[in-house]
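Examining the three-dimensional arrangement
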Amino acid sequence: MKCEKVQANKCIILVVCYMTTTGPLAQEENVKKYTTQERVVQEFSRFPVIVMGDMNGHVGILREKVNENGRKLIDFCEGNEFENLNVTIGNGLHTWESKEWKAAIDYVLVNHEARQHVREMNVDENEFDIETDHRMLVLKYKWGGKEVMQEMSSVKEKWYLKAANWEEFDKELRRRVWNRNGNVNDMNKEMAKMLYATAEQIIGKVKCRRFTGKAKWFTREIKDERMRRKSLNKKTSNAKIV
C-alpha cells in the first residue's frame, strides 16, 4: 500500500482489490481478504479512503439475487460506514459484459472523508476502449478545488456494434446496386465501399478513448496477468442475468 501526498500533510488511501469467484475455497480466501481490507481501512480511517476493484459480488443492482460475495460486500460497507457509489450516485449499471451475459461486479467504495471530495462516478460505456469484458469505472474526484487528470489515451472512432440493427443492415445492403462486370480487384474494392457506406448509414460510429500504454507501471507481466485472469473469469463466471 502506498500513501501518495497530494497536498501538504494530506493523502488519499487507495485500496485496489480482487475477490475470488464463488466456491468453498474462494469464500475462505475472500474472508481473509476482507479481514485484511477492514484492518487497513480502520487503521487509516482519518484519511480519505477509496476501495475499488473486481469484487465478483452481486448486490441486487440489476435486480439479481445477492450472492455470497455480494453479502460480504454489503456487510463490509455497513460495518465500516462506506458508501457504495455504484448504488448511490453511479451513472451506469453493469460493469461486465460478454455477449448476452451482463453483471455488476466491479465497485467503487468510499468512506466519509473521501465522499466529500467525490463529484461523480460513471460506468463507462463508449469513451474508453480497454480491450476487456469489464467496463471502466470513472471517478471524478476534486481536492483543493483542482482536478488532477492523467492523459494516457488517444481519441479514436469505432463502430457502435452494441446497438447494431443487422436486419436493417442486410436490407440496405441488398438494396444497393453495384457493378458485377469488372475484374475481381475492382469488384472487391466496390464491395468494400458498399459495406463501409452501409455500415456508416445503419450502424454508425462513436468516439472513444484508447489507452496508449505509456504508463510506467503497465508492464508486460501485468498485461499477461490481466489476460490470464480474464480467461479464468470467462470459465468460472456464473453472473448471467435473465
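Here the structure is shown first, and the text comes after it.
Here goes a summary of the coordinates provided. Model, not experiment: these values are computed from the prediction.

Procedures and definitions
- Residues numbered from 1 in each chain as written.
- Predicted model: local features only at pLDDT ≥ 70, side-chain atom pairs only at ≥ 80, totals over all residues.
- Heavy atoms only, no water.
- Phe/Tyr/Trp six-rings, centres within 6.5 Å; stacked < 30°, edge-to-face > 60°.
- Buried < 20%, exposed > 50% of the residue type's maximum accessible area, 1.4 Å probe, protein only.
- Helix = DSSP H or I, 4+ residues; strand = E, 2+ residues; numbered from the N terminus.
- Axes fitted to C-alpha atoms, helices over the stretch in contact; angles between N-to-C directions.
- Parallel < 35°, antiparallel > 145°, perpendicular 65-115°, else oblique.
- Left-handed = near helix turned anticlockwise from the far one by under 90°.
- Contact = heavy atoms within 4.5 Å.
- Salt bridge = Lys/Arg side-chain N within 4 Å of Asp/Glu carboxyl O.
- Pairing = 2+ DSSP bridges.
- Core = buried A, V, L, I, M, F, W, Y, C linked by side-chain atoms within 4.5 Å.

**Describing the packing of aromatic side chains**
The tally for this structure, following the rule as stated, stands at four aromatic pairs. With 6.1 Å between their ring centres and 45° between their planes, Phe44 and Phe47 make a pair best called tilted. Take Phe47: its relative accessible area is 15%, and that puts it in the buried class. Look at Phe76 and Phe82: their rings are 5.4 Å apart centre to centre, the planes differ by 45°, and that puts the pair in the tilted class. Classification of Phe82 by relative accessible area gives buried; the value is 9%. Grouping aromatic residues by their ring pairs yields a cluster made of Tyr34, Phe76 and Phe82.

**So, unusual backbone geometry**
Notably, Asn56 is not glycine yet its phi reads approximately 50°, a positive angle. If you trace the backbone, Asn56 turns up in the loop between β3 (49-54) and α2 (68-80). The phi angle at Arg63 is positive, at roughly 65°, despite the residue not being glycine. Positionally, Arg63 belongs in the loop between β3 and α2.

**Describing the packing of helix α5 (residues 166-175) against helix α6 (residues 184-202)**
Between α5 and α6, the least distance of the axes is 10 Å, while the angle of their chain directions is 135°. In terms of their interaxial angle, α5 and α6 are classed as oblique. The chirality of how α5 crosses α6 is right-handed. Taken together, the residues of α6 that come into contact with α5 (itself represented by Glu168, Phe169, Glu172 and Leu173) are Met194, Leu195, Thr198, Ala199, Gln201 and Ile202.

**Structural notes on the pattern of salt bridges**
Inspection of every chain in the model, using the stated rule, returns 10 salt bridges. With a closest N to O distance of 3.5 Å, Glu168 and Arg175 form a salt bridge. Looking at Glu168, the relative accessible area reads 30%, which means it is partly exposed. For Arg175, a relative accessible area of 51% corresponds to the exposed category. Through salt bridges that share partners, Glu168, Glu172, Arg175 and Arg176 make up one connected network.

**Section: the pairing of β3**
Within a regular strand, side chains alternate between the sheet's two faces. Counting buried positions along β3 gives five out of six residues, so the element sits mostly inside the fold. Bridge count for β3 against strand β7 (residues 106-110) is five bridges, and the pairing is antiparallel. Its bridge partner being in β7, Ile50 is matched across the sheet by Val110.

**Quick notes on the environment of Lys102**
With respect to the helices and strands, the residue Lys102 is situated in strand β6 (residues 101-103). Owing to a relative accessible area of 34%, Lys102 belongs among the partly exposed residues under this scheme.

**Some words on the nonpolar core**
Ranked by size, the top nonpolar core spans 23 residues in total, and within it Val51, Met55, Leu73, Phe76, Phe82, Tyr107 and Leu109 carry the most contacts. Counting only elements with at least two residues in this core, the list comes to β2 (10-18), α1 (24-43), β3, α2 and β7. Filtering out sequence-adjacent residues up to four positions away, Tyr107 remains in contact with Val51, Met52, Gly53, Met55, Gly57, His58, Val59, Ile61, Leu73, Asn84, Asn86 and Leu137. One finds Leu85, Val108, Met121 and Val123 within the second-largest nonpolar core, a separate group that totals 12 residues.

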